[in-house]
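Summary of the model geometry
Chain residues, written in single-letter form:
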Amino acid sequence: MVTQNTPESSLVYIGTYTDVLPHAAGGAAGVYIYSLNLATGELTYVDTVGGLRNPAYVTLDPQQKYVYVANEISEFEGKPGGAVSAFQVSGDGKLTLLNHQPSHGSGPCHVSVTPSGQYMLVANYNSGSIAVYPLQADGSLGAASSTVQHEGSSVNADRQEAAHAHCIMADATSQHVLVTDLGMDKVMVYTLGAGGELQPNVPPFVEVQPGAGPRHFVFHPNGKYVFVISELDSTVITFGYDASSGTLTPLETHSTLPAGYGGESYCAAIRITPDGRYLYGSNRGHDSLAIFAVDDTTGRLTPLGQQPTQGSFPRDFNIDPTGQYVVAANQNSNTIVTFRIDAETGQLSPTGQVLEIPSPACVAFKL
């Protein structure tokens, strides 16, 4: 329910593919900015940030003063590899470019900022490498303080022939960094030093079911659980998490697909409501969001079904900071679709808001 203390709107930043790639049709103009009316669910156009190639993943710092982007390109400043970019957010939500840095790998697909606000992290899918960047006083990206190259493979010869880092985030303490590596079937854990250096944690990783392909993950708001969505076997794995030691303990695994579904489908994004009550994961192929209720005392999930995303290949979706709406990015149908969350049941209902945006790949919010 919207109260008088609830903000009236939230800004929505939509990352896209501008170029034709093996996994994307391209055709977008850059990062699209909209305003979401938190009373009605209506989306209103604000701006487009052009001059960017494949700004496929977008995130904000904890203070929401800056936006950081993974540029999924094959060459930057005359050298092979991708790039990351920093922007300042103005009062109206528009963006001003601060600087770029090389991503120290190819196919950068995920960026995040540590809860401390000191560092930005990037995962490079194609090369299986990760990097850390100190954030300067003006929000710009310093030179990388640490880079790590993953080495390994798993049982799927087509998709797991080498390491493929896919998601990187620090826990609430900003002292441990977790990385899901689809190619290695591992969740890697690092300690983050005072100078921004990464070192393997003890233990340095936890293995998942061979062939699962862990893609993205999310922390429960209470910090006690980590939920990992696996692209290749369409499952969500629940881990208990000890922030003091950076230790992950497997608890259970659930399918994101309905019983009896036999078609091809590949999971992508996973998000949790701000109150930690409901968890959602996207199915590309089944073209739906899997819905789970979360028991915050045990971390156990109760499957609540699937909601069609009214489009094709939901690469990403996100939940607005007030926990009222889901905005889904259907990459292959070039649509952004908005759903209202039922606070009592976790179910999703379409608001009727559908935007046409080429190759949408990421959704990020700013209050």
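Scroll up to find the structure this text is about.
So, a few notes on the structure that sits alongside this text. (Residues numbered from 1 in each chain as written. Predicted model: local features only at pLDDT ≥ 70, side-chain atom pairs only at ≥ 80, totals over all residues. Heavy atoms only, no water.)

1. Re the nonpolar core
A general tendency of soluble globular proteins is for nonpolar side chains to be buried together. Quick reminder of the rule: Side-chain atoms within 4.5 Å are what join buried Ala, Val, Leu, Ile, Met, Phe, Trp, Tyr and Cys residues into a set we call a nonpolar core. Only protein chains enter the accessibility calculation, which uses a 1.4 Å probe; a residue whose area is less than 20% of its type maximum is buried, one above 50% is exposed, and one in between is partly exposed. We count a stretch as a helix when DSSP gives it H or I for four or more residues in a row; a strand needs E for two or more, and each element gets its number in order from the N terminus. Contact criterion: two residues are considered in contact whenever any of their non-hydrogen atoms come within 4.5 Å of each other.
Tyr-13, Val-58, Val-67, Tyr-68, Leu-95, Met-120 and Leu-141 are the most contacted members of the largest nonpolar core, which totals 29 residues. Broken down by element, the residue count for this core peaks at five residues, all from strand β5 (residues 66-71). What Val-67 contacts, discounting residues up to four positions off in sequence, is Tyr-13, Val-58, Thr-59, Leu-60, Ser-85, Ala-86, Phe-87, Val-89 and Leu-95. By size, the runner-up hydrophobic cluster in this structure holds 17 residues, among which are Tyr-119, Leu-121, Val-177 and Leu-192.

2. Side note on the side chain of Asn-283
For the record, the criterion: Think of a polar contact as two N or O atoms within 3.5 Å of one another; within protein, one of them needs to be a possible hydrogen donor and the other a possible acceptor, and neighboring residues in sequence only count if both atoms come from side chains.
When you line up the elements, Asn-283 lands in strand β23 (residues 278-284). Asn-283 gets classed as buried once you look at its relative accessible area, which sits at 0%. A polar contact of 2.6 Å, which involves the side chain of Asn-283, links it to the side chain of Thr-256. Setting aside anything within four residues of it in sequence, one finds Asn-283 in contact with Thr-256, Leu-257, Ser-265, Tyr-266, Cys-267, Ser-288, Ala-290, Gln-306 and Pro-314.

3. Quick look at the pairing of strand β11 (residues 119-124)
The condition that has to hold: Two strands qualify as a pair provided that DSSP identifies no fewer than 2 bridges between them.
With respect to burial, β11 is a largely interior element, six of its six residues being buried. What you see with β11 is no split at all: Tyr-119, Leu-121 and Ala-123 on one side and Met-120, Val-122 and Asn-124 on the other are buried throughout. Note: strand β10 (residues 108-113) against β11, five bridges, orientation antiparallel. Bridge pairing links Ser-112 to Leu-121 in β11. Counted along the chain from β10 to the antiparallel partner β11, the turn is five residues long, and its residue Gly-117 has a positive phi close to 75°. Between the antiparallel neighbours β11 and strand β12 (residues 129-134) lie four residues, among them Gly-128 with a positive phi of about 70°.

4. Observations concerning the packing of aromatic side chains
Basically, it comes down to this: For Phe, Tyr and Trp, where Trp contributes only its six-membered ring, two rings pair if their centres lie within 6.5 Å, and the inter-plane angle classes them as stacked under 30 degrees, edge-to-face over 60, or tilted in between.
Counting across every chain of the model gives three aromatic pairs. Ring geometry for Phe-217 against Phe-219: centres 5.7 Å apart, planes inclined by 80°, an arrangement best described as edge-to-face. This pair shows no difference in class: Phe-217 is buried, exactly as Phe-219 is. Aromatic side chains Phe-219 and Tyr-241 sit 5.7 Å apart centroid to centroid with 65° between the ring planes, which places their arrangement in the edge-to-face category. Separated by 22 residues along the polypeptide, Phe-219 in strand β18 (residues 214-219) and Tyr-241 in strand β20 (residues 235-242) bring together distant segments of the chain. Owing to a relative accessible area of 15%, Phe-219 belongs among the buried residues under this scheme.

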